[in-house]
Amino acid sequence: METNKKNQVMESETIRRAMTRIAHEILERNKGMDDVVLIGIMKRGDILAQRLADQIQKIEGKQPPVGALDITFYRDDTGQRGVSAGNNRPTHLPFNVDGKKVVLVDDVLFTGRSIRAAMDELIDYGRPQLIQLAVLVDRGHRELPIHADFVGKNIPTSPKQKVEVLLQERDGEEAVWIR
Amino acid sequence: MGLQRKDLLSLEELTAEEMLLILDTAQSFKEVVQRPIKKVPALRGKTVVNLFFENSTRTRTSFELAAKRLSADVVNFTASTSSLAKGETLLDTVRNIEAMNVHTIIMRHAYSGSVRLVAQNIKASVVNAGDGTHEHPTQGLLDMFTIRECKGSLAGLTVTLVGDIIHSRVARSNIHGLIKLGAKVRIVGPATLVPRSFARLGVEVHTNLEEAIKDADVINILRIQLERQDGKFFPSSREYATMYGVNARRLKLAKPDVLIMHPGPMNRGIEISPRVADGPNSVILDQVTNGVAVRMAVLYLLSGGENADENVN
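Residues numbered from 1 in each chain as written. Chains lettered and ligands numbered in written order. Predicted model: local features only at pLDDT ≥ 70, side-chain atom pairs only at ≥ 80, totals over all residues. Heavy atoms only, no water.

Caption draft 1: Structural view of the pairing of strand β5 (residues 158-162) of chain B. Residues and elements named next belong to chain B. Of all five residues making up β5, five are buried, and the element is well covered by its neighbours. Side-chain alternation along β5 places T158, T160 and V162 on one buried face and V159 and L161 on a second face that is also buried. Across five bridges, β5 lies against strand β6 (residues 184-188) in parallel orientation. Its bridge partner lying in β6, V162 is registered against V188. In this fold, the crossover linking β5 to β6 by way of helix α6 (residues 169-180) has right-handed handedness. Strand direction decides the pairing type here: β5 and strand β8 (residues 218-221), joined by four bridges, are parallel. Within β8, the position partnered with V162 by the bridge is I221. (Buried < 20%, exposed > 50% of the residue type's maximum accessible area, 1.4 Å probe, protein only. Helix = DSSP H or I, 4+ residues; strand = E, 2+ residues; numbered from the N terminus. Pairing = 2+ DSSP bridges. Right-handed = clockwise from strand over helix to strand, strands pointing away.)

Caption draft 2: Structural detail: the layout of surface pockets. Residues and elements named next belong to chain B. Roughly 410 Å³ of volume is contained in the second largest pocket. Lining the second largest pocket we find 20 residues, and of these R108, R169, R223, G264 and P265 sit closest to its centre. Elements supplying a minimum of two residues to the lining of the second largest pocket: α2 (58-69) and α6. Here the lining of the second largest pocket is built from residues that sort into four nonpolar, nine polar and seven charged. (1 Å grid on protein atoms, 1.4 Å probe; cavity = no way out; pocket = protein on both sides within 12 Å on 5 of 7 lines; lining within 4 Å. Points joined across faces, edges and corners; volume = space filled by probe spheres on them. Nonpolar A, V, L, I, M, F, W, Y, C, P; charged D, E, K, R; others polar.)

Caption draft 3: Region of the structure containing the packing of aromatic side chains. Scanning all chains against the criterion turns up six aromatic pairs over all chains. For the ring pair F53(B) and F77(B), a centre distance of 6.1 Å and an interplane angle of 65 degrees mean the geometry is edge-to-face. Taken together, the positions of F53(B) in the loop between β1 (47-52) and α2 and F77(B) in strand β2 (residues 73-78) put the pair 24 residues apart, joining distant regions of the chain. Owing to a relative accessible area of 17%, F53(B) belongs among the buried residues under this scheme. Here the aromatic residues F73(A), F29(B) and Y300(B) are joined through ring pairs into a cluster of three or more. For the cation-ring pair, K6(A) lies above W177(A), with the distance from its terminal atom to the ring centre recorded as 4.8 Å. For R139(A), the ring lying beneath its charged end belongs to F110(A), and the centroid distance is 3.7 Å. (Phe/Tyr/Trp six-rings, centres within 6.5 Å; stacked < 30°, edge-to-face > 60°. Lys NZ or Arg CZ within 6 Å of the ring centre and 35° of its normal.)

Caption draft 4: Molecular detail of empty space enclosed by the protein. All names here are of chain B. This model, assessed by the stated rule, comprises three cavities of 30 Å³ or more. The computed volume of the largest cavity comes to approximately 90 Å³. Surrounding the largest cavity, R58, T59, S62, Q139, L142, H262, P263, I284, Q287, V288, G291 and R295 form its lining. Listing elements by their share of the lining of the largest cavity, those giving two or more residues are α2, α5 (137-151) and α11 (284-303). No other element matches the five residues that α11 contributes to the lining of the largest cavity. Grouping the constituent residues of the lining of the largest cavity by class yields four nonpolar, six polar and two charged.

Put into structure tokens, the structure is as follows:
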């Protein structure tokens, strides 16, 4: 089998098209951008959230507010995988989330546990009107009843494989790999 | 990356990278304690024991708040009400506490080295909250955090520690930490309280306050610890204030944006004048605020298991 081999499943052009489509879908689903805020989960979801905001700006002429969540302290597996502090900047939500339509943005949706942590953290900040989820890649293998509202690409994987998202702003290149 | 150690006993044994990890993590926790809900579930289900064999209000409260804001359960234990009063040994006392399945013991004791003795004999994590005249690592870390927050970095700064160096665990933790992160450290006070032998730790030893605070970026003023002094180290508090009290006139010798720090409790009018303590350069209360975030970082980082796998989605 080729499980140890790296396979590229998205490149910069497919990532760009997927993000453009998600921006349109967010506007369509929410009938515009009233009360819509984008909140990215660090450390790549925040980059994608900013890109979606820029894209929405091109379409609507106005940018929705953008925030970033560091979910480290809300994870349920601190004891199992060790702590992972120091990687992230602190959570930054420059607006009140009460009554907002929050679109959570992450790079990869896998077990759903990061999303659970992000929702717990978000709810400690206030009471959003609703929470939607946008991801670049849905790789399956959910362990919680969570699904994405907006998906860039569904990629079937085995649980042992790793999905690696590389973004220009952070990694200096643009690609999605499976290995 | 977590901290690859069971205990935090001193800054002498930490690397610069470990200290920076704690300071960076504390930065995230500082944001947490400014939220409407100042609490995260990171240590849910863990138990932290505050084991203080010496009086303390500030440090114990700070650790207690830190643990509670991480959702840990906290038990406070004070020596005067303990079995030690009935003749139990220190190790028996802590082994009994450990047998109740606690995860972290925060310990303060009047004897230098006692915290390490306990750490070597139990499986729970131990955090040194001050052992005799040895070290007070979380105070050192919160001092460095406060300086870094105001100045951006510690490298190249001149930090002057004033006062009772020989009895000060805060001074020892500051010296080890600051030097590793690239600051220049001066110590100053009466020769009886500032031994020349400290020079081998890499600090400049002064006895003239005005020389020592000239062009300083930070002045950290230590408390005159009358309770730890078993003899006469200076003729009178009044003479000490005249020679080594930091006042507004002397402050002019330091850089205009000098930071004034004090680990508390202050003896106003002895080591620090009220005008300096309450003046625009003072960050004394910021130190207290930052103490909670730094202690959250320490408790959190010590609670982790193996190293983090970066690639979990």
